[in-house]
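# Summary of the model geometry
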Amino acid sequence: MRGIMYTSKASEWRPKHFKWQVADRVATVTLNRPERKNPLTFESYAELRDTFQRLNYAEDVRAVVFTGEGGNFCSGGDVHEIIGPLVKMDMPDLMRFTRMTGDLVKHMRTCPQPIIAAVDGVCAGAGAILSMASDLRYATPEAKTAFLFVRVGLAGCDMGACAILPRIIGQGRAAELFYTGRSMSAEEGLAWGYFNAVVPKDKVVATAQAMARSLAEGPAFAHAMTKKCLHQEWNQSIEQALETEAEAQAICMQTKDFERAYNAFVAKQKPKFEGN
């Protein structure tokens, strides 16, 4: 097993390349290289990939907050520790790298827990992808999100961006960001539906944490089913989606949380969900 992947209790995991905290059934991932605006390395990519994959089996996490230290979210791949070595790699090694980064997005999209990004300052390159791959996004007014791959001679189609971003902000807006590499301001991101809210700098993490706790108190199985359907139905016709959701909802109707909600409604009380 790799590194931290030896237990299903996420509170016991000990990542080496980012901060990890679990409290109130909420896990918080904090990128912590603030002196470089929290860039990613080969090691942090791999450890993030393994962490989100393992969340499928975590017993004590129902929502995840993703953020960065020092007034920035993430500046993307480290220029010296990733970009430099990539120039010297042959095609098989390059493919191993790009598939590994894609696996990080895949596991973010397929883990059952909703992921909430708290975005401040620089959110660029792979950092923009991390915010994009999250389920909800809160930003500060200072947030600048840039899919800037074109500026280093690469295509905008990195880590699923051409599939995911147009579904969030629309094809034309996404195309402009990909072709120009320019930053999307927090105001634009809010108007375009990329950000769920823009909040003051000193409240963005607290806002994300509050939403995560609210989701963690909800019906965890049902939330996981919602996320699964949101992901799966991208590639389905309306008829297929209707059948997918009919099956999903029928399964949810067999859960104890559904029964608890009904009993609480009858008793005129607020339901207490237990996730089963």
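Above this text sits the structure in question.
These notes cover the structure that comes with them. (Residues numbered from 1 in each chain as written. Predicted model: local features only at pLDDT ≥ 70, side-chain atom pairs only at ≥ 80, totals over all residues. Heavy atoms only, no water.)

### Remarks on the overall build of the chain
Within the chain one finds 11 helices and 9 strands. Against the 2.2 N^0.38 benchmark of 19 Å for 276 residues, the chain shows a C-alpha radius of gyration of 19 Å, consistent with a compact globule. For the chain, the spread of C-alpha atoms along the principal axes amounts to about 65 × 40 × 40 Å. Residues classed as buried in the chain amount to 45% of the 276 residues present. Taking the intrachain contacts of the chain between residues at least 6 apart in sequence as the baseline, contacts between residues at least 24 apart amount to 69%. Summed over all atoms, the accessible surface of the chain reaches about 14100 Å², with 55% contributed by carbon and sulfur. (Helix = DSSP H or I, 4+ residues; strand = E, 2+ residues; numbered from the N terminus. Rg over C-alpha atoms; globule rule 2.2 N^0.38 Å. Buried < 20%, exposed > 50% of the residue type's maximum accessible area, 1.4 Å probe, protein only. Contact = heavy atoms within 4.5 Å. Areas by Shrake-Rupley, 256 points an atom, 1.4 Å probe, with all protein chains shown as cover.)

### Some thoughts on helix H5 (residues 161–169)
Taken residue by residue, H5 has Ala161, Ile164, Leu165, Pro166 and Ile169 as its buried positions. Against the buried residues of H5 lie helix H3 (91–110), helix H4 (126–132) and helix H6 (171–180). Where H5 ends, the next residue or the one after it, Gly170, has phi of about 100 degrees, a positive value.

### A closer look at the sheet that holds strand S6 (residues 136–139)
With respect to topology, 6 strands assemble into an open sheet ordered S1-S2-S3-S4-S6-S9, the strand pairing being mixed. Looking along the sheet, the strands with just one partner apiece sit at the ends: strand S1 (19–23) and strand S9 (197–198). Strand direction decides the pairing type here: strand S2 (residues 26–31) and strand S3 (residues 63–68), joined by 6 bridges, are parallel. Counted as the bridge partner of Thr30 is Thr67 from S3. (Pairing = 2+ DSSP bridges.)

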